[in-house]
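Observations on the model geometry
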Amino acid sequence: MKMPGASGGARNPWYGRIGFALVALGFLVLAPATLSDFGLNLFTKYLCYAIIAVGIGLAWGQGGMLSLGQGVFFGLGGYAMGMYLKLQAAGPGKVPDFMSWSGVEKLPLLWKPFQYAWIALPAVVVVPMAVAAGLGAMVFRRRVRGAYFAILTQALAAAFVILLIGEQGYTGGTNGLTNFSQAFGLDLADPTNQRMFYFITAGVLGAMFLLARQLMASRYGRLLVAVRDGEERVRFLGYNPTVIKVIAFSISAGMAGLAGALFVPVVGIISPALLGIVPSIEMVILVALGGRSSLVGPVIGALAVNYAKTSLSNRFPSGWLYLEGLLFVVVIGFAPMGLAGLVGYGRSALDRLRGSPGASPADEAKRLEDEVVPA
Amino acid sequence: MKHRRYELLPVALLCVLALVASACGKKATTSTGATPTGTASGGGSGAMPGVVGAIIKVGDLHSLSGTMAISEVAVKNAELLAIDEVNAAGGVLGKQLQVVTQDGASDWPTFAEKAKQLITVDKVATVFGGWTSASRKAMLPVFEQYKGLLWYPVQYEGLESSPDIYYTGATTNQQIIPGLEYLKAQGKTKLFLLGSDYVFPRTANKEIKAYAAANGMTIVDEQYTPLGSTEFGTLVNKIAADKPDAVFNTLNGDSNVAFFKQLKGAGITPQQMPVLSVSIAEQEVAGIGIQNIVGQLTAWNYYQTTNTPENAKFVAAYKAKYGANQTVDDPMEAGYTAVHLWAMAANKAQSTDVAAVRAAAAGLTFAAPEGTVTIDGPTQHLYKTARIGVIGADGLITEVSSSPQPIKPDPYLKSYTWWKG
Amino acid sequence: MGSLLTQAFTGLGIGATLLLIALGLTFTFGQMNVINMAHGEFIMAGAYTAYMLQGSFGRETSLLVSLPVAFVIAGALGVALETVLIRRMYGRPLDTLLVTWGVSLMLQQLARDLFGAANVQVLTPSWLVGGVHVAGVDMPYARLFIMALVAAAVAGIWVYMTYLPQGRRMRAVMQNRQLAACSGIPTARVDRRTFFIGSGLAGVAGVALTQLGSVGPTLGTNYIVDAFLVVVVGGLGQIRGAIIAAIALGVLDAYVEWGTSASFAKVVVFVAIVAFLQARPQGLFVLKTRALT
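The structure presented is a predicted model; accordingly, all values stated were derived computationally and were not measured.

**Observations regarding the sheet that holds strand β8 (residues 218-225) of chain B**
All names here are of chain B. One open sheet holds the seven strands; their spatial order is β8-β7-β9-β10-β11-β15-β16, and the pairing between them is mixed. One side of each edge strand has no neighbouring strand; the edge strands of this open sheet are β8 and β16 (397-402). Pairs of neighbouring strands in the sheet enclose a mean axial angle of 25 degrees, with direction left out of account. Examined bridge by bridge, strand β15 (residues 387-391) and β16 share five bridges and lie antiparallel to one another.

Shown next, in the form of structure tokens:
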């Protein structure tokens, strides 16, 4: 039997490795060679969302924690990066442009550490992780979970956005942080530099995917799935589910933060519109569509949904919204395994047709049982 | 065996997906590849942006979906009307204009992305677009980095002057300051500032406070509500408790509806305490409900009722194209004006090149529906006439006061001693 | 002092609005463990009903006529949603949350296509214009109307759940679904009825909201998160809890906003809720149960 996402025991590891290498080749050679500058830039953006999706897949698909506030962590990472770039652009001793419009003349204390790359860059991961760990420790300890947790994180997203907009002098308000002409001395309009950001983002995505995979293959991964399926039983076995959940939630927040940080130089803006309630749910769609129970699913979902959005929303501004809603209803209501699950289902159906001994109806039932959807 | 293939299939799918994505990206490249070829075969027009054979591509970037669509679609329509007029009059450089429309989807990062697409993929000569300050701020670095040209048609908070943007709406000294002067002249010196929580109201209120301090007016309170907020009970109570002479309203969108309804519910009338709004034009009045807002004040540069021959023509043409029950308002007029100004500048420069257009645009005048406007070369704003209006029972706004001549734009308020940046 | 009282009244008004929206949610969430994100769109449906009816019934009476009509229309929508989708997803509360969110996306776009993206107006009947002035407090009739409506709704629910057999069955299912099913209660039918009532109440709330603001496709989304918080704080399926939570949140919001700003008040309310859930993770009132999870 196979734990969803976790690697099975008897499997030849080389298949996975070769597959990963092939995909990596596609990402690192094929895409940059064939895409236009603008297309590659869009693709880099999709990859940022794929990184978030890997994190959500970990917390929700494997850990059963549905966070509807993932945008908050994405935003924390993005703002940390944006603040650093903004200060770089303003030059030493000056305040960023939007502060002077809002009447803030002196650099606020909150911004001071972000002058230094050695603080700002770790902060893009550390801050979201710390916030997630703090919130997670509080709510998981009190056994707030499931729908309660989802609603709470959604309210967190709402409150975070209101705070960002309200403190315009410190955060740039609705405009967010924008107008970055350069990052780390690199001209952001230069296609060569954008190409480099693409490679960095693709590399980070690969690393995050491997991290999630290693995690799920480890003892911790099994515990996480166990907590998802029966938190009380794990507790009775002497483990502390709070710690297990906090770790997964906080790693997923760290990934979202990292994605936010990569998003800023690529897209050139970070604003509350990117991290409120609706964008946060849209991040969940990526994972739901791709398939939450595998680790590859979220990545597929992120790329497919974003691509569909870009190509369809322009041609059919209103049609896209119907389609988005319909996809949501159909996939979650009737195919909760998502695209990745469809592939698995198609494969076993094929096996059945061929009369392969490996896929008896009993096996199929067992497989479905194994991949029980987290409630 | 089973597990292996199950793991590999998604991976393979991913490969296919990457291929598909790259294929579409490639498609974009080939379609843009056609543009330079077209230009070359267009014969002698050189590498002028947007020129493809006998047509010139121009971009139009407004929110066609989402919360801002209601306001922005109307501006887009006015711009399309102007483009029709330009084409009917022979086009630009003897070529017809072709519009590439993109949807900003009421989402600022989307505006930046679509602007980038218009400049680098569609290679348009210029872009007309934007509404909210946030969308303009998001597009600004794109236009500066990729050397594009944007015509922004909405009044805004000032303190900006990008060489790659023309601002055809009012800056603060053409709308807000005349509004304050009007209130002062009426003896309304105790003001309550109310706005949605975003950049325009906050910056505008900062300027209003500086003006008030220098002109013996008092600001009793300054309040912001989240965009889209509909709960105004507490705010109306605050207004009732503070008893200001007038409310200066920079609320945006739907919040206005709830505010005016609840203000009226509390029994506060325009006679006792007028509300001067700077974001409510004819398009918004209908949505707020005329009975809730009749008699309140607005400050703009143009109303549908503005009495010029050009306006009579503009209103008639708009109604002929889009229906007799349509209304027009200030940002629509500014969008319409922007298209004509760009066409005039490009014809004068005999080029669509951004630098050439910029050189030709300085000092250009146009008989717009609001009266004659002139492009101020250094700031790239327009000289505009300020008009204070009162909302009538028919939903139209009637002018009650106006500046004697077009006001010189001063986005940084340099000519005002009370402003210290 | 006057302003303190005024704020108490405003807080009550906000609380009443929240409660009207949250009442329906308390039922569906409490009994069926279904998080219906399309609840906001049922509110919108109610509001558009009021808008459509004002043409045929005139300014004075259309509001009263719309109340039952909106109840039925929103209720019917709810039953349709329950039959087509939610029934298939019992036991997967997070999935119903996401699916109903997809439904809400589509309903919003549908409203945009049917009624236009622009907000529309429902006229205030002349008997709701103005207000009374008691002890230095201005009480707009619109607010009093909503409060009366909430009081009526709560009283109706109380009678229904206490005296009517259908209501008692509903309570039985809420308290223990398996046992109720074993005792011969047709749980599927009870579920459908609950959904009808819960969604119908959203429609009524929608009619009431037309007196506070305008009617637009995103009307419901503005309120839905706050309403869910009321349910979470009040406790699953707890009418008492929802009443107390709604009023407490409304008053807290009003007082904090009076001293600071609207944005800050929202953040304070959120922090207060997280802190409260530390103390009582199950909400104010908890259904006594021996279940493990």
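**As for the interface of chain B and chain C**
Many structure descriptions define interface size as the accessible area lost when the parts assemble. In this complex, chain B contributes 27 residues to the contact, which on the side of chain C involves 28 residues. Summing the contributions of chain B and of chain C, the shared interface buries around 2300 Å²; its carbon and sulfur component is 48%. Of the charged contacts, one joins Glu231(B) and Arg143(C) as a salt bridge, the two residues approaching to 2.5 Å between their closest N and O atoms. Our count for the chain B to chain C interface comes out at ten residue pairs in polar contact (both at pLDDT 80 or more). At the level of secondary structure, the elements contributing two or more residues to the side of chain B that touches chain C comprise β8, α7 (233-242), α8 (255-265), α9 (282-288) and α10 (290-293) of chain B. Grouping the amino acids of the side of chain B that touches chain C by side-chain chemistry returns nine nonpolar, 13 polar and five charged.

**Remarks on the pairing of strand β13 (residues 371-376) of chain B**
Residues and elements named next belong to chain B. Summarising the sheet, strand β12 (residues 365-368) and β13 pair through four bridges and their orientation is antiparallel. Following the sheet pairing, alanine 367 is matched in β13 by threonine 372. Count of turn residues in the β12/β13 antiparallel hairpin: two residues. By the bridge criterion, three bridges tie β13 to strand β14 (residues 381-383) in an arrangement that is antiparallel. Residue pairing for β14: aspartate 376 is matched across the bridge by histidine 381. Here β13 folds back onto β14, and the loop between the two strands holds four residues, one of which, glutamine 380, carries a positive phi near 60 degrees.

**Digging into the domain arrangement of chain B**
All names here are of chain B. If you check the domain split of chain B, you get domain 1 (51-171 + 307-383) and domain 2 (173-304 + 387-402). Centre-to-centre, using C-alpha coordinates, domain 1 lies 28 Å away from domain 2. Facing 27 residues of domain 1, the contacting portion of domain 2 comprises 20 residues. For the pairing of domain 1 and domain 2, the buried interface totals around 2100 Å² over both sides, and the portion due to carbon and sulfur atoms is 50%. Connecting domain 1 to domain 2 are zero salt bridges. Where domain 1 touches domain 2, the interface holds 13 residue pairs in polar contact (both at pLDDT 80 or more). Secondary-structure elements contributing two or more residues to the side of domain 1 that touches domain 2 are α2 (69-88), α11 (309-322), α12 (330-349) and β14.

**Describing a positive patch on the surface**
Residue and element names in this part refer to chain C. Among the surface-exposed residues, Arg168, Arg169, Arg171, Arg189 and Arg192 lie close enough to one another that they form a single positively charged patch. Elements supplying a minimum of two residues to the positive patch: α5 (165-175) and α7 (187-209). Of the residues forming the positive patch, the biggest block, three residues, is contributed by α5. Within the element layout of this structure, arginine 189 appears in helix α7.

Analysis parameters
Residues numbered from 1 in each chain as written. Chains lettered and ligands numbered in written order. Predicted model: local features only at pLDDT ≥ 70, side-chain atom pairs only at ≥ 80, totals over all residues. Heavy atoms only, no water. Pairing = 2+ DSSP bridges. Helix = DSSP H or I, 4+ residues; strand = E, 2+ residues; numbered from the N terminus. Axes fitted to C-alpha atoms, helices over the stretch in contact; angles between N-to-C directions. Contact = heavy atoms within 4.5 Å. Buried area = accessible area lost by both parts, 1.4 Å probe. Salt bridge = Lys/Arg side-chain N within 4 Å of Asp/Glu carboxyl O. Polar contact = N/O pair within 3.5 Å; in protein donor to acceptor, adjacent residues only side chain to side chain. Nonpolar A, V, L, I, M, F, W, Y, C, P; charged D, E, K, R; others polar. Domains from an automatic or database assignment. Patch = residues over 30% accessible without salt bridge, like charges linked within 9 Å, V, L, I, M, F, W, Y side chains within 5 Å. Areas by Shrake-Rupley, 256 points an atom, 1.4 Å probe, with all protein chains shown as cover. Lys, Arg positive; Asp, Glu negative; His and termini not counted. Charge placed at Lys NZ, Arg CZ, Asp CG, Glu CD.

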